[in-house]
Amino acid sequence: ILARVPKALVSDVTRAFRPSRTAAVIVRADDGVERARVGESHGRAMGLDELPPELPLAVVATEDRRFYDHFGIDMIGLARAMVRNIRAGRTVQGGSTITQQLAKNLFLTPERSVKRKAQEAMLALWLESRFSKEEILTVYLNRVYLGAGSYGVDAAARRYFGIGAGELDLYQSAMIAGLLKAPSRLNPLAAPERAHARAVQVLENMAAVGFATEAEVQALARSERPRTLHAGEGPSAPGAAAGSRPSARYIADWVLEQLPAFVTVGERDLRVETTIDSRLQAAAEAAVARALAHKIPGGPEQAALVAMTPQGAVRALVGGRDFAASQFNRATQAQRQPGSAFKPVVYLAALEAGLKADARFFDGPISIAGYSPRNYENTYSGEV
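First, a word on what this report is: a plain description of the structure on this page. Residue indices follow the written sequence of each chain, beginning from 1 at its first position. In view of the model being predicted, local features appear only for residues whose pLDDT reaches at least 70, and side-chain atom pairs are presented and counted only at 80 or more, with totals across whole chains, interfaces and linings using the full set of residues. Each side-chain value is worked out from all heavy atoms of the structure, with water and hydrogens disregarded.

**So, the packing of helix H4 (residues 98–107) against helix H6 (residues 133–143)**
A pair of packed helices is characterised by two quantities: the angle between their axes and the separation of those axes. Under this scheme, a helix contributes an axis fitted over its contacting stretch, all axes are lines through C-alpha atoms, and angles between N-to-C directions fall in the 0 to 180 degree range. Secondary structure is summarised from DSSP: a helix means a run of H or I of at least four residues, a strand means a run of E of at least two, and numbering begins at the N terminus for each. In contact at an axis separation of 10 Å, H4 and H6 are set at 50° when each is read in the N-to-C sense. Relative to H6, H4 is oriented oblique. For H4 against H6, the interelement crossing comes out left-handed. Contact with H4, carried on its side by Ile98, Thr99, Gln101, Leu102, Asn105 and Leu106, involves Ile136, Leu137, Val139, Tyr140 and Arg143 of H6 and no other residues of that element. Class assignment of the residues belonging to the contact of H4 with H6 gives a composition of seven nonpolar, three polar and one charged. An angle counts as roughly parallel when it lies under 35 degrees, as roughly antiparallel when it exceeds 145, as roughly perpendicular when it falls between 65 and 115, and as oblique in every other case. In this scheme, a crossing is called left-handed if the near helix is turned counterclockwise away from the far one by less than a right angle; it is called right-handed if the turn is clockwise. In what follows, a contact means two residues having at least one pair of non-hydrogen atoms within 4.5 Å. Classification used: nonpolar for Ala, Val, Leu, Ile, Met, Phe, Trp, Tyr, Cys and Pro, charged for Asp, Glu, Lys and Arg, polar for all others including Gly.

Now the structure itself:
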C-alpha cells in the first residue's frame, strides 16, 4: 500500500513547516490599534518542547486518545464511531486520527467521498512509516486551521490572546484545542460562550485520561470566562491581533485598493499604518447607526460618512450600515453628485478669495474647457 503513494505527495517535516501561504494585511489606526485583518495568519513554527505540555495533551485527549498506540488508523476508534453513528441515525462522531487529519490538511481537498477517505488512509499509513509520532503531532499543531484566518497554534494564540503559543495556560490551551471541532462556530471572538463551553469539555476530556485533575477542571469551569482580545484593545506583542469590527472591512477594502500603488504584497504579512483615529471612527460608526435607527417611509436605507483633516488625512470612514449585508462602499465607490451639500465649500473658497456677500454675478450659459455646468431645471436666472 505504501508503495502506491504518489511520489508527488512525498514531503518532509522541514517542507511541511514552510507551506505556501497567502499573506495577511493588517490595517491599524494611528494609535496602533488593529482595525481589520484580511488574509491568512501564520504564526511561528514551534516544536513540542517550546509549547506548554498542556496544549498537545489537550489536543490528543480530545482528537485522538489512542494517538500513541495506533499505526495511523485507529480501528477501535472507527468501530466505536460507527456504533455511535448507527445508534444516532446520523454522523455524531468521526473516526479520523490526528495522522489522518494531517494527511488531509497536507495533501487532500475537503471533498467527502469514499475515494478521498481511501487516499487519506493510505497517506496516514505512509506518514506513520516515515515520521515519528512527535514529528506528526508537531506538524499538525503548526498547520491546522483554528478559525479567524489563523493557521497553527502560535497564530491562534496571538489572534485570540495576544501572546505566543509558548505562553498559553491550561484554560487557553483547552480553548484552542476545542477549536479543532468547528473552528468558525467555536471562534472565541465571535462566540465566546460557545468557546468557553467547549473549553470546559476539553478539560473534562483531559481529566478522563489523567492529563488534568477533576479539581482543576471544576475550578476553571467556575472561575474562567473567555479571555480574548477584542476590538479597541491594543496588543503590544508584534503580530498580536485583536478582533475586527465588521464595519472596519470598509476601511480595509479601501486600503487594499490603494496598496498596489505603494508596495507589492508578497508572502510576508503586511502591516499598514493609517491615519484613522480610533475614537473618531467609533463616533462615526455610532452617528451612522443613529441616523439609520429610525426607519422613515421612503427614507434612506443606507448612509456613509467620511471625516478628513484640511490636509486630506482620512480620520474616519464608514461605507454603509453593515459590511456583512452590503460590501458596496458608499464612501469611496458611490458616484452620486454631492449636490447642495457641496455649496458651503464653494462659498467658503469664494469668501477666502475676498468676495463679499453682496457680490453680483451673471447666471448664464458658460463653457470651461468643454465643460458646461447647469442646474437641475436647466434654466438661467440672469444677474444674481
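**Focus on the pairing of strand E6 (residues 305–308)**
Pairing of E6 with strand E7 (residues 314–318), which is carried by four bridges, proceeds in the antiparallel orientation. Bridging across to E7, Met308 finds its partner in Val314. Here a strand pair is declared whenever DSSP counts at least two bridges between the two strands.

**Regarding the layout of surface pockets**
Only protein atoms enter the 1 Å grid, on which a cavity is a set of points fitting a 1.4 Å probe that cannot get out and a pocket is an open set with protein on both sides within 12 Å along at least 5 of 7 lines, lining residues being those with an atom within 4 Å of a point. Grid points are joined across faces, edges and corners, and a volume is the space filled by probe spheres set on the points. Here the second largest pocket defines a volume of roughly 1,200 Å³. The wall of the second largest pocket is formed by 27 residues, among which Lys343, Val346, Tyr347, Asp363 and Pro373 lie closest to the centre. For the lining of the second largest pocket, the elements supplying multiple residues, two or more each, are helix H13 (343–352) and strand E8 (362–363). For the lining of the second largest pocket, the leading source of residues is H13, giving five residues. Classifying every residue of the lining of the second largest pocket by side-chain character gives 16 nonpolar, seven polar and four charged.

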